[in-house]
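Now for the letters of each chain:
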Amino acid sequence: VDTTAPVVTVTGDNPATAELGATYTDAGATASDASGEVDVVTTGTVDSDTLGEYTLTYTATDPSGNVGTATRVVNVVDTTVPVFTSPSTFVVDEFDTSVGTATATDIQDVTFTISGTVLAITADGVITFVDENGADYEGSYITDDPVSLDYGGATVEFTATVTATDASSN
């Protein structure tokens, strides 16, 4: 009488990790049984386009009807940082308050933040000049005599750090 279930062994990492948007290829499982060779059937799916934890179950049944199982957990994660696609330098004409738009690509939605006291950015990446109270500079520095301004009419450079963050905080 055979009352011993097949021993199912998961091949590869368990738990396994898959990158969001990438193709996940399962390493599978093997089974051994005293009655000879047995096949392993895999159930469950991994949706690599959706973050989360997925469970795959491996089942082997021997000729006597004994069933052995094992499981693998697959975590779909996003560790890829957004990639900037916009220029890093913008040229702004006199009297303009709009600087430009920062753009970045990622598999998830991206929001933008900026450091700098004279620049602001929307979550969509639109960069503008603002005064110390956060209001647009428009009107604050419009003059027919730019030499009378703090910068004396010369070309001025502003440096700010723009950060693109995806929904997984990359």
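You'll find the structure just up there.
Here goes a summary of the coordinates provided. These numbers were taken from a predicted model, which means no experiment stands behind them.

### A look at the pairing of strand β5 (residues 52-61)
Two faces, one strand: in a regular strand the side chains alternate between the faces of the sheet.
Inference 1: Relative to β5, strand β4 (residues 40-43) is paired through 4 bridges, and the arrangement is antiparallel. Considered in β5, the bridge of V41 is made with T59.
Inference 2: Two strands pair when backbone bridges link them, and β5 and strand β6 (residues 67-77) are joined in this way by 10 bridges, in the antiparallel orientation. Across the sheet, the residue bridging to E53 is N75, located in β6.

### A closer look at the packing of aromatic side chains
Inference 1: Following the criterion strictly, the structure yields 1 aromatic pair and no others.
Inference 2: Taking 6.3 Å as the distance between ring centres and 50 degrees as the angle between the ring planes, the aromatic pair formed by F84 and F112 counts as tilted. Of this pair, F84 sits in strand β7 (residues 83-84) while F112 is found in strand β10 (residues 110-115), placing the two residues 28 residues apart along the sequence.

### Section: the sheet that holds β6
Inference 1: Here 4 strands make up an open sheet; going across it, the order is β2-β6-β5-β4 and the pairing mixed. Each having just a single partner strand, β2 (16-19) and β4 make up the two edges of the open sheet. The sheet shows a mean angle of 30 degrees between the axes of neighbouring strands, taken without regard to direction.
Inference 2: Across 4 bridges, β2 lies against β6 in parallel orientation. By the bridge assignment, A16 is partnered in β6 with V74.

### What to know about the environment of D166
Inference 1: Structurally, D166 is set in strand β13 (residues 161-166).
Inference 2: Residue D166 is classed as buried on the basis of its relative accessible area of 4%.
Inference 3: Taking C-alpha positions, D166 is 9.0 Å from T80, a pair spaced 86 residues apart along the chain.
Inference 4: Setting aside residues up to four positions removed in sequence, D166 forms contacts with D78, T80, P82, D106, Q108, D109 and V110.

### Side note on the sheet that holds strand β11 (residues 119-121)
Inference 1: Spatially, β8-β12-β11 is the arrangement adopted by the 3 strands of the open sheet, whose pairing is antiparallel. Each end of this open sheet is capped by a strand with a single partner; those strands are β8 (98-101) and β11. Averaged over all pairs of adjacent strands, the angle between their axes in this sheet comes to 20 degrees, without regard to strand direction.
Inference 2: The sheet contact formed by β8 and strand β12 (residues 126-129) spans 3 bridges and is antiparallel. Considered in β12, the bridge of S98 is made with T128.

### Here's the deal with the nonpolar core
Inference 1: One finds V8, Y58, V74 and V76 to be the most contacted residues of the largest nonpolar core, which totals 14 residues.
Inference 2: Elements with a minimum of two residues in this core: β1 (7-10), β2, β5 and β6.
Inference 3: Considering every element that reaches this core, the biggest residue donor is β5, with 4 residues.
Inference 4: With near-sequence residues (within four places) excluded, V74 lies in contact with A16, A18, Y24, V46, G52, E53, Y54 and L56.
Inference 5: In this structure, F112, I121, I127 and F129 belong to the second largest nonpolar core, which totals 11 residues.

The rules behind each value
- Residues numbered from 1 in each chain as written.
- Predicted model: local features only at pLDDT ≥ 70, side-chain atom pairs only at ≥ 80, totals over all residues.
- Heavy atoms only, no water.
- Pairing = 2+ DSSP bridges.
- Helix = DSSP H or I, 4+ residues; strand = E, 2+ residues; numbered from the N terminus.
- Phe/Tyr/Trp six-rings, centres within 6.5 Å; stacked < 30°, edge-to-face > 60°.
- Axes fitted to C-alpha atoms, helices over the stretch in contact; angles between N-to-C directions.
- Buried < 20%, exposed > 50% of the residue type's maximum accessible area, 1.4 Å probe, protein only.
- Contact = heavy atoms within 4.5 Å.
- Core = buried A, V, L, I, M, F, W, Y, C linked by side-chain atoms within 4.5 Å.

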